[in-house]
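# Fold and geometry: a report
Spelled out from the first residue to the last, the chains are:
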Amino acid sequence: MKIKMESSVKSYLEKVETLLLEKEACNNLILGLLDRLQSNKMNCYLGYVEENGRAVSAFMRTPPHNWIIADVEGRNKDVSYAIADYLYEGGLEVPGVLGPVSEVEAFVHRWADLKNTTAAIHMNQLIYQLDEVKITPSVKGQLVNGTEDELELIAAWLVIFGVEANEPITAEKAENMAYQFVKNQSIYLWKVDNQFVSMINRSRKTKNGATINAVFTPDQFKRKGYATNAVAVLSQQLLDKGFQFCSLYTDQSNQTSNNIYKKIGYYAIGSSIVYHFGKRE
């Protein structure tokens, strides 16, 4: 077993893409980031595990974010141990790690021993996939692209969304995100009676799929089906554009949102756990 790093995104994809596509929706985060990295230069670390000249696992990081471990069928804890050993010996920063539960927990156990550090679960997530929209959205309301006129609203909603998702977003970062979403024409708003009531973003894309995120409805508009309609309509639009499936992450403990996504046609295909590391007292 050998651990190798690549500096070229193109070369990295040649090594790992086939492996990652075996569980494409589960690996939508890595694949989506690699898609972006092909056109946007960002600082990144691209690693893979090789056996007999073939990639058997992959891991990456775009600082300051956490390391991501790929979801690969049939991997044992030795692979996660080897990744942890490699990062430790290389003196690389590891603020946290995320990925499939068994692989990540093996990594966390090893890293905590190597660094004498604490590890805390930040979030337990489910990964969902949709191949067919199974509901008919309400005719009351419409999904529209967010424009520069709504930048302030989108930024404000992103800040609240971050709080609710336990992923705080500063006002400055929210403004930058809102600008990029509008520029990329990826942000959508559900509009009812000339009022914006919910938000959704088309995020990453992979070879055959598209990911949805930032689904948010302000408290005063909740429990009216607005987010359900927005997700259903955008999911159908993405399928109509040629994507074979849509995917998204949910908080495993939020039964309300999980039930809504299932109603639309999403089904759980994997899990993802996020750990953050700290210092022992």
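Residues numbered from 1 in each chain as written. Predicted model: local features only at pLDDT ≥ 70, side-chain atom pairs only at ≥ 80, totals over all residues. Heavy atoms only, no water.

Moving on, we come to the packing of aromatic side chains. Across all of its chains, the model carries 8 aromatic pairs by this definition. Geometrically, the ring pair formed by Tyr 45 and Trp 67 is tilted, given 5.6 Å between the ring centres and 35° between the ring planes. On the criterion of sequence distance, the pair formed by Tyr 45 in strand 2 (residues 45–51) and Trp 67 in strand 4 (residues 67–69) is long-range, its members being 22 residues apart. Measuring from ring centre to ring centre gives 6.4 Å for Trp 111 and Phe 277, while their planes differ by 50°; the resulting arrangement is tilted. Note that Trp 111 is positioned in helix 4 (residues 101–115) and Phe 277 in strand 12 (residues 267–279), a separation of 166 residues in sequence. By the burial criterion, Trp 111 is buried, and Phe 277 matches it. (Phe/Tyr/Trp six-rings, centres within 6.5 Å; stacked < 30°, edge-to-face > 60°. Helix = DSSP H or I, 4+ residues; strand = E, 2+ residues; numbered from the N terminus. Buried < 20%, exposed > 50% of the residue type's maximum accessible area, 1.4 Å probe, protein only.)

What follows is about helix 7 (residues 226–240). In this model, helix 7 (15 residues) spans 21 Å end to end at C-alpha, consistent with the 21 Å of a helix rising 1.5 Å per residue. Counting buried residues along helix 7, 12 of its 15 residues qualify, which places the element largely inside the surrounding structure. Buried within helix 7 are the following residues: Tyr 226, Ala 227, Thr 228, Asn 229, Ala 230, Val 231, Ala 232, Val 233, Leu 234, Ser 235, Leu 238 and Leu 239. Just downstream of helix 7 lies Gly 242, where phi reads positive at about 115°. (Expected span 1.5 Å × (residues − 1).)

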